[in-house]
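What follows is each chain in one-letter form.
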Amino acid sequence: MTLDEIRERCEKDLYYYAQLHFPDRYFGDVHQELFLSFQKSLFGAMESGRETNDAALVPRDHQKSFCLAVACSWAVTLHPWITIAYVSSNPQLAQDQLTVIKNIFKSDTHRELWPSMLNYVKGRTGELEHKPKGTWTLDGIDVDHPDRPKGEKDRTIRATSARSTNTGGHYKIIAYDDLVTDENYNSHSGREEVKRAYRSFSKIATTGAIKWLVGTRYLPMDLYGELKETTVPQYDEEGNVVGESPLWNWFERKVEDSRFSDGSGNFLWKRQISEDGKWYGFDRQILASKRAECLGDEALFGGQYYNDPEVGGENRVGKDNFMYLQPNMLENRQGKWHYGNKEIKISCGMDLAFSEGSGSKKTKRDYTAIAVTAWDNDGYLYILDLARFQTAKAEVYYEKLVEMHEYWDFREVTIETNVGGIVVANFIQDELRREGHTLVVKNQYKNQTSGSKEERNSQLFEPLYRQKSVYHTKGGYTRLLEEEVSSARPSHDDLKDAVWIAISNSKRPSKAKFATNKTNRNVVQAGSRF
């Protein structure tokens with residue numbers, strides 16, 4: 001093939017472009033498909049003038065970041081006027097991928113095919129040396145192609161991070177590379193920081209911009225889970241809403257395709273040695289080692305390698321384990337609550353969270369949750385009422401609790417808190433006394449609770465739900481509670497913690513010797529203040 005023919009094929013086929021620049025690298029079918037996804041996205045956006053959002057959730061260690069960097073270099077090769085913000089969770093990750101792009105542009109292959117991309121001059125030895133006319137630093141580069149406007153203030157490619165500022169930028173392509181990481185997924189503040197970064201960089205995309213995203217899952221409702229549920233209304237020519245479509249197009253793959261995610265299936269990127277002697281890919285033994293390194297965290301393993309945080313939960317609570325109350329047979333008779341003809345004993349638990357920091361640095365790290373529960377003498381548990389909120393005001397904690405107390409008339413509440421939150425708990429107790437309420441407050445420090453949250457699930461929640469011994473009200477925060485109970489690693493667990501506090505500090509009525517209220521129906525008669 002002539003240089004012109006090779007150049008033409010490269011500009012039409014991203015996968016061929018990648019193979020040409022990295023002949024010794026082992027690319028599998030998944031990489032060819034991923035490159036095709038980026039290719040269609042770029043061609044489609046340029047043809048239509050409308051923005052495209054294309055995301056790829058690919059297992060860890062499958063070259064997704066490398067493929068994104070190659071795709072960015074290819075986009076600039078085709079359109080040297082283009083500007084790209086390459087955004088990762090921290091600056092080093094973005095700079096590493098910018099190094100990949102620099103090496104492509106400075107390679108003999110690229111210079112021979114597109115000699116106008118960078119400025120070269122003869123050095124002292126007579127060899128060509130790259131002498132950039134614009135920026136060429138650790139975190140930004142400008143190409144020297146004549147098609148790049150002389151007055152362009154944005155870098156051709158800017159390597160930046162989720163914590164960086166982006167004021168004044170206007171980029172044609174936003175490339176998100178592993179925004180969700182080990183460092184930010186496991187706290188509310190970390191997850192909020194990632195969402196703020198996503199929103200911030202989306203705002204600096206030009207009209208008709210191209211957005212690319214690569215990553216792996218961590219939580220059911222991490223940033224990627226939230227984006228998957230986000231839709232955009234679709235309008236006809238008369239301005240009428242005619243439907244909705246996903247905000248992002250999704251390219252999703254699992255490490256292997258076995259039914260039980262045990263490594264016995266066909267691998268997405270089968271282990272193989274390349275021509276230069278380097279090993280790439282996965283087999284069952286490699287996957288088993290990866291699983292062992294997760295130290296029993298099946299949700300993390302499932303998210304990282306199967307893009308499914310629910311993998312590995314054979315004892316997990318499912319939707320068919322949820323039972324529901326009807327709102328017409330729960331009533332207060334002479335100061336005692338009854339469910340049908342059975343008296344139930346009510347308890348209340350409060351999982352206290354509070355804002356940290358001060359001034360502009362004040363953050364709301366978690367939610368405060370309140371749960372009202374009850375047992376009957378057959379051993380059935382009722383989740384009667386739930387509240388969930390964030391606040392920095394002590395009086396709001398008090399008002400929310402009193403509202404539930406005045407309706408349900410529970411005699412005491414157990415508040416679980418930490419050292420900082422004890423101030424709020426004491427405020428609640430003082431206000432109850434000042435207002436003449438008879439509610440007794442019991443403080444329980446978090447370190448007084450035995451066992452981990454995983455042990456709580458296995459020892460209490462999972463057996464109760466799988467035995468169909470728990471009844472919920474419909475509406476309110478019930479859906480969120482059910483997500484927390486059924487997910488291995490929910491984005492929040494405040495409601496479940498509040499239910500645990502209420503249950504662990506309650507007394508069950510004497511259980512009848514012969515329980516006869518067993519049923520397989522998913523709806524039973526009871527009631528709720530809703």
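Reading guide: rules and limits
- Residues numbered from 1 in each chain as written.
- Predicted model: local features only at pLDDT ≥ 70, side-chain atom pairs only at ≥ 80, totals over all residues.
- Heavy atoms only, no water.
- Buried < 20%, exposed > 50% of the residue type's maximum accessible area, 1.4 Å probe, protein only.
- Helix = DSSP H or I, 4+ residues; strand = E, 2+ residues; numbered from the N terminus.
- Pairing = 2+ DSSP bridges.
- Patch = residues over 30% accessible without salt bridge, like charges linked within 9 Å, V, L, I, M, F, W, Y side chains within 5 Å.
- Areas by Shrake-Rupley, 256 points an atom, 1.4 Å probe, with all protein chains shown as cover.
- Salt bridge = Lys/Arg side-chain N within 4 Å of Asp/Glu carboxyl O.
- Lys, Arg positive; Asp, Glu negative; His and termini not counted.
- Charge placed at Lys NZ, Arg CZ, Asp CG, Glu CD.
- Axes fitted to C-alpha atoms, helices over the stretch in contact; angles between N-to-C directions.
- Left-handed = near helix turned anticlockwise from the far one by under 90°.
- Contact = heavy atoms within 4.5 Å.
- Nonpolar A, V, L, I, M, F, W, Y, C, P; charged D, E, K, R; others polar.
- Phe/Tyr/Trp six-rings, centres within 6.5 Å; stacked < 30°, edge-to-face > 60°.
- Lys NZ or Arg CZ within 6 Å of the ring centre and 35° of its normal.
- Parallel < 35°, antiparallel > 145°, perpendicular 65-115°, else oblique.
- pLDDT = per-residue confidence, 0-100.

Draft legend 1. Broad picture of the pairing of strand β20 (residues 368–375). The buried fraction of β20 amounts to 8 of the 8 residues, a majority that puts the element mostly inside the structure. On β20, burial covers both faces: Thr368, Ile370, Val372 and Ala374 on one face and Ala369, Ala371, Thr373 and Trp375 on the other are all buried. Bridging between strand β19 (residues 345–351) and β20 involves 7 bridges; their strand directions are antiparallel. Residue pairing for β20: Cys348 is matched across the bridge by Val372. Summarising the sheet, β20 and strand β21 (residues 381–389) pair through 8 bridges and their orientation is antiparallel. From the neighbouring strand, Ala374 faces β21, where its bridge partner is Tyr382. Two successive antiparallel strands, β20 and β21, enclose a turn made up of 5 residues, where Gly379 displays a positive phi of approximately 85°.

Draft legend 2. Highlighting unusual backbone geometry. Located in the positive-phi region is Asp178, a residue other than glycine, with phi close to 55°. Relative to the elements of secondary structure, Asp178 occurs in the loop between β8 (171–177) and α7 (188–203). The phi torsion at Asp409 lies on the positive side, around 60°, for a residue other than glycine. Considering the arrangement of structural elements, one finds Asp409 in the loop between α11 (394–408) and β22 (412–417). Overall, the relative accessible area of 34% leaves Asp409 in the partly exposed class.

Draft legend 3. Inspection of a positive patch on the surface at higher detail. A contiguous patch of positive charge on the surface is contributed by Lys336, Lys345, Arg411 and Lys507. On the secondary structure map, Lys336 appears in strand β17 (residues 336–339). Using a relative accessible area of 46% as the deciding quantity, one classes Lys336 as partly exposed.

Draft legend 4. Seen up close, the packing of helix α3 (residues 29–48) against helix α4 (residues 64–78). Between α3 and α4, the least distance of the axes is 10 Å, while the angle of their chain directions is 35°. Like other packed secondary-structure pairs, α3 and α4 cross with a definite hand, here right-handed. In this structure, α3 contributes His31, Leu34, Phe35, Phe38, Gln39, Leu42 and Phe43 to the contact, and α4 contributes Lys64, Cys67, Leu68, Val70, Ala71, Trp74, Ala75 and Leu78. Class assignment for the residues of the contact of α3 with α4 results in 12 nonpolar, 2 polar and 1 charged.

Draft legend 5. Quick peek at the packing of aromatic side chains. Across all of its chains, the model carries 27 aromatic pairs by this definition. Taking 5.6 Å as the distance between ring centres and 85° as the angle between the ring planes, the aromatic pair formed by Phe322 and Tyr465 counts as edge-to-face. One end of the pair, Phe322, is in the loop between α10 (298–306) and β15 (323–325); the other, Tyr465, is in helix α13 (residues 453–466), and 143 residues separate them in sequence. Each member of the pair Phe322 and Tyr465 is classed as buried. Grouped by ring-pair contacts, the aromatic residues Tyr15, Phe22, Phe27, Phe35 and Phe66 constitute a single cluster. A cation over an aromatic ring shows up here: Arg25 above the ring of Phe66, its NZ or CZ 3.8 Å from the ring centre. Above the face of the Tyr324 ring, Lys474 is positioned so that its terminal group lies 5.2 Å from the ring centre.

Draft legend 6. Focus on the packing of α4 against helix α5 (residues 91–106). In contact at an axis separation of 9 Å, α4 and α5 are set at 45° when each is read in the N-to-C sense. Here α4 lies oblique to α5, going by the angle between them. In this structure, α4 crosses over α5, and the sense of that crossing is right-handed. In contact with Ser65, Phe66, Ala69, Val70, Cys72, Ser73, Val76 and Thr77 of α4, α5 contributes Gln97, Val100, Ile101, Ile104 and Phe105. Here the contact of α4 with α5 is composed, by residue class, of 9 nonpolar, 4 polar and no charged.

Draft legend 7. Just the confidence of the model for the chain, in detail. Taken residue by residue, the chain gives an average pLDDT of 87. The fraction at 70 or more is 89%. Here residues 523–528 is a poorly scored stretch, pLDDT under 50, and it has 32 contacts once near neighbours within four places are set aside; other chains count.

Draft legend 8. Main features of the sheet that holds strand β16 (residues 330–333). Pairing within the open sheet is antiparallel, and its 3 strands lie in the order β16-β17-β18. One side of each edge strand has no neighbouring strand; the edge strands of this open sheet are β16 and β18 (342–343). Here β17 runs beside β18; their pairing, made up of 2 bridges, is antiparallel. Looking at β18, one finds that Tyr339 is bridged to Lys342.

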